[in-house]
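What follows is the residue order along each chain.
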Amino acid sequence: MNTIADNLKQIQAELPQGVRLVAVSKFHPQEAIEEAYRAGQRIFGESKVQEMTAKYENLPKDIEWHFIGHLQTNKIKYMIPYVAMIHGIDSYKLLVEINKQAAKINRTICCLLQIHVAQEETKFGFTPEECKSMLADEDWKSLDHIQICGLMGMASNTDNTEQIIKEFRLLHNLFLEIREKWFAHSSSFKELSMGMSHDYHEAIAEGSTLVRVGSKIFGERNYN
Ligand SMILES: *Cc1c(COP(=O)(O)O)cnc(C)c1O
């Protein structure tokens, strides 16, 4: 059986320059993260604030923690002291709350706007229109303690590669459009977080800068 280190090495070898790997360690024990850490991995993704905070407290402090789950406003404050990037922003209200908590300790948090492009109705995120209308309002510009660093999305959970490519391409085009319209003078809007274990090759081909890979590194989870 492949070890975590083997899996990491294989995936790292496939990443073009400019694409970073978020190792999604949700529901896996600290030992698994330590093994990946010893193999050189420094960016880890988690989907529950409590779980991520417990791991943060026990693990090396040069780990970059990315929150990739669905966010509840009352949990935000626990990760503000250490989180490096929050991927799943799907409402203006969340930006306001992150900004408020980050202001208290004078941090600026990198946030990615989650866009709903998949066919499943259950996936979270702004529609492209909702996202653009939020940006057009420009209220977000007064939030000094958040930085909108890019977009995040998930393709449909399907074997239809054409469909997956179509959705990633839509995300990339939206990324380019938004960057040109609202971030032309800012170098911080540069991340496109897309691609998971089963579709990261397609995501990279369509312009991903951050792939979020879990089961292909750590094996199957018991939960999602
Ligand atoms: C769990 C999860 C992943 C990783 O999924 P794998 O299929 O295990 O690679 C990536 N992104 C998000 C948002 C997730 O919730």
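On a predicted model such as this, the values are computed, not experimentally measured, just so you know. (Residues numbered from 1 in each chain as written. Predicted model: local features only at pLDDT ≥ 70, side-chain atom pairs only at ≥ 80, totals over all residues. Heavy atoms only, no water.)

Peer 1: Is there a simple way to explain helix α3 (residues 49–58) in this structure?
Peer 2: Within the sequence span of α3, burial applies to Val 49, Glu 51, Met 52, Thr 53 and Lys 55. Against the buried residues of α3 lie α2 (30–38), β2 (43–46), β3 (64–67) and α4 (76–79). (Buried < 20%, exposed > 50% of the residue type's maximum accessible area, 1.4 Å probe, protein only. Helix = DSSP H or I, 4+ residues; strand = E, 2+ residues; numbered from the N terminus. Contact = heavy atoms within 4.5 Å.)

Peer 1: How do you make sense of the nonpolar core when you look at a structure like this?
Peer 2: Within soluble globular proteins, side chains that are nonpolar tend to cluster in buried spots. In this structure, Ile 98, Leu 113 and Leu 135 are the most contacted members of the largest nonpolar core, which totals 63 residues. Broken down by element, the residue count for this core peaks at seven residues, all from helix α7 (residues 161–182). Not counting the four nearest positions on each side in its chain, Leu 135 is found in contact with Leu 113, Trp 140, Ile 148, Ile 178, Trp 182 and Phe 183. Within the second largest apolar cluster, eight residues are counted, among which are Val 22, Cys 149, Met 152 and Leu 210. (Core = buried A, V, L, I, M, F, W, Y, C linked by side-chain atoms within 4.5 Å.)

Peer 1: It is not clear to me how the packing of helix α6 (residues 128–137) against α7 should be interpreted in this structure. Could you clarify?
Peer 2: How two helices sit against one another is set out by the angle between their axes and by the gap between those axes. Their axes nearest at 12 Å, the elements α6 and α7 cross at an angle of 10°. Considering their axes alone, α6 and α7 lie roughly parallel with respect to each other. Residues Pro 128, Cys 131, Lys 132, Leu 135 and Ala 136 of α6 form the contact with α7, whose participating residues are Leu 170, Leu 174, Glu 177, Ile 178 and Trp 182. The residue makeup of the contact of α6 with α7, split by class, is eight nonpolar, no polar and two charged. (Axes fitted to C-alpha atoms, helices over the stretch in contact; angles between N-to-C directions. Parallel < 35°, antiparallel > 145°, perpendicular 65-115°, else oblique. Nonpolar A, V, L, I, M, F, W, Y, C, P; charged D, E, K, R; others polar.)

Peer 1: Hey, could you run me through α7 in this one?
Peer 2: Residues separated by three or four positions in an α-helix point in the same direction, a consequence of the helix having 3.6 residues per turn. The terminal C-alpha atoms of α7, which comprises 22 residues, lie 31 Å apart, in line with the 32 Å expected from a rise of 1.5 Å per residue. All of the buried residues along α7 are Gln 163, Ile 164, Glu 167, Phe 168, Leu 171, Leu 174, Phe 175, Ile 178 and Trp 182. Mapping the buried residues of α7 onto a view down its axis gives an arc of 130°, with all of them on the same face. Set apart from the buried face of α7 by more than 90 degrees, the exposed residues are Glu 162, Lys 166 and Glu 180. Packed against the buried residues of α7 are β5 (109–116), α6, β6 (146–154), β7 (191–193) and α8 (200–205). Looking at where α7 begins, the residue whose side-chain oxygen comes 3.1 Å from the main-chain nitrogen of Glu 162 is Asn 160. (Expected span 1.5 Å × (residues − 1). Arc of directions from axis to C-beta. Polar contact = N/O pair within 3.5 Å; in protein donor to acceptor, adjacent residues only side chain to side chain.)

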